[in-house]
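Read off the chains here:
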Amino acid sequence: MLANRTFPAASFIRRREDFDYIEEPDIFHEIYGHTPLLTDPRFAAFSQKIGETGRACDSADYAWLIRLYWFTIEFGLIHSGNAIKALGSGLASSPTELIHAVAGTDPQRKPFDVIDILRTPYRIDIHQPIYFVLEDADQLFEAAERDLQADIRAARAMGLHAPTYDPEAKAG
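In this text the structure is predicted, and so the values were computed from the model without any measurement. (Residues numbered from 1 in each chain as written. Predicted model: local features only at pLDDT ≥ 70, side-chain atom pairs only at ≥ 80, totals over all residues. Heavy atoms only, no water.)

J.: Looking at this structure, I do not really get the overall build of the chain. What am I missing?
T.: When helices and strands are counted, the chain shows eight helices and four strands. In the chain, the succession of α and β elements from N to C terminus is α-α-α-β-β-α-α-β-α-β-α-α. Taking all 172 residues of the chain together, the buried fraction comes to 47%. Put simply, of all contacts in the chain between residues at least 6 apart along the chain, 65% involve residues at least 24 apart. (Helix = DSSP H or I, 4+ residues; strand = E, 2+ residues; numbered from the N terminus. Buried < 20%, exposed > 50% of the residue type's maximum accessible area, 1.4 Å probe, protein only. Contact = heavy atoms within 4.5 Å.)

Put into structure tokens, the structure is as follows:
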């Protein structure tokens, strides 16, 4: 759908007890998180590039590709002056993760690097232990010009980084 410039949106609203963090996107996340980015043609073009690459690559590569979307459009950070600010839609719709990402002392904040991102595992049910920080939005838009299939092949050849979280631990 992204390749066709169509955004698949959830149609349910989270329960009050899930306000701070929810594992799956709801309509609040879609409207409050994604809509502002999708109204910018450059962010929309990046999403379209992810969709086009997904359509062109093997299904075994999806998990590698989705990390680029996860660590940018969902949970990306960006420098703004001397501050680090949220860029991602997942951060915009999760007050507890937003604070964790921009002000917490636990997470690692790494410079934006496509290959590093493709190699970084994540979980959807915990606050992220690693975030990637863009120096400016142009870095993301330039990534849309890359041969992402070649990047996936390079990342696969190097293998995944070891998780910085306990893969066996239950969320909660």
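J.: Can you help me understand helix α2 (residues 41-56) in this one?
T.: The periodicity of an α-helix, 3.6 residues per turn, causes residues three or four places apart in sequence to face the same way. Given a rise of 1.5 Å per residue, 16 residues ought to cover 22 Å, and the 22 Å separating the end C-alpha atoms of α2 matches this to within 8%. The complete set of buried residues in α2 reads Phe43, Ala44, Phe46, Ser47, Gln48, Lys49, Ile50, Gly51, Thr53 and Gly54. (Expected span 1.5 Å × (residues − 1).)

J.: Would you mind showing me how to read the environment of Asp61 here?
T.: By the secondary structure assignment, Asp61 is in the loop between α2 and α3 (62-74). We classify Asp61 as buried; its relative accessible area is 13%. Excluding residues that lie within four positions of it along the chain, Asp61 makes contacts with Ile152 and Arg156.

J.: Teacher, can you tell me more about the sheet that holds strand β4 (residues 130-134) here?
T.: The pairing of strands in a sheet happens through backbone hydrogen bonds and is either parallel or antiparallel. Pairing in this open sheet of four strands is mixed, and the strands run β2-β1-β4-β3 from one edge to the other. If you trace the sheet from one side to the other, it starts and ends with β2 (83-86) and β3 (108-111), each paired once. Averaged over all pairs of adjacent strands, the angle between strand axes in this sheet comes to 40°, irrespective of strand direction. Taken together, the four bridges between strand β1 (residues 77-80) and β2 define a ladder with antiparallel strand orientation. When the bridges of β2 are listed, Ile78 appears paired with Lys85. (Pairing = 2+ DSSP bridges. Axes fitted to C-alpha atoms, helices over the stretch in contact; angles between N-to-C directions.)

J.: Can you help me understand the nonpolar core in this one?
T.: In globular proteins that are soluble, nonpolar side chains generally tend to be buried together. With 35 residues, the main nonpolar core has Phe43, Phe46, Leu68, Phe112 and Leu140 as its most contacted residues. Per-element accounting of this core gives the leading share, seven residues, to α3. Filtering out sequence-adjacent residues up to four positions away, Phe46 remains in contact with Leu68, Thr72, Ile73, Leu140, Ala143 and Ala144. (Core = buried A, V, L, I, M, F, W, Y, C linked by side-chain atoms within 4.5 Å.)

J.: Sorry if this is basic, but what is going on with the packing of α3 against helix α8 (residues 148-158) here?
T.: Geometrically, a packed helix pair is captured by the angle between its two axes and the distance between the axes. For the pair α3 and α8, the least separation of the axes is 10 Å and the interaxial angle reads 110°. Here α3 is positioned roughly perpendicular relative to α8, judged by the angle of their axes. Where α3 approaches α8, its residues Trp64, Leu65 and Leu68 are matched on the opposing element by Leu148, Ile152, Ala155 and Arg156. For the contact of α3 with α8, the per-class residue count stands at six nonpolar, no polar and one charged. (Parallel < 35°, antiparallel > 145°, perpendicular 65-115°, else oblique. Nonpolar A, V, L, I, M, F, W, Y, C, P; charged D, E, K, R; others polar.)

J.: What am I meant to see in the packing of aromatic side chains here?
T.: Considering all chains together, one arrives at five aromatic pairs under this definition. Look at Phe71 and Tyr122: their rings are 5.9 Å apart centre to centre, the planes differ by 85°, and that puts the pair in the edge-to-face class. Highlighted residues: Phe71 in helix α3 and Tyr122 in the loop between α6 (114-118) and β4, separated in sequence by 51 residues. Judged by its relative accessible area of 1%, Phe71 is buried. The class for Tyr122 is partly exposed, based on a relative accessible area of 22%. With a centroid separation of 5.2 Å and an interplanar angle of 75°, the aromatic rings of Phe71 and Phe132 are classed as edge-to-face. You can see Phe71 sitting in helix α3 and its partner Phe132 sitting in strand β4, a full 61 residues away along the chain. Phe132 gets classed as buried once you look at its relative accessible area, which sits at 1%. Taken together, the ring pairs connect Trp70, Phe71, Phe75, Tyr122 and Phe132 into an aromatic cluster. A cation sits over an aromatic face here: Arg67 above Trp64, 4.9 Å from the ring centre. (Phe/Tyr/Trp six-rings, centres within 6.5 Å; stacked < 30°, edge-to-face > 60°. Lys NZ or Arg CZ within 6 Å of the ring centre and 35° of its normal.)

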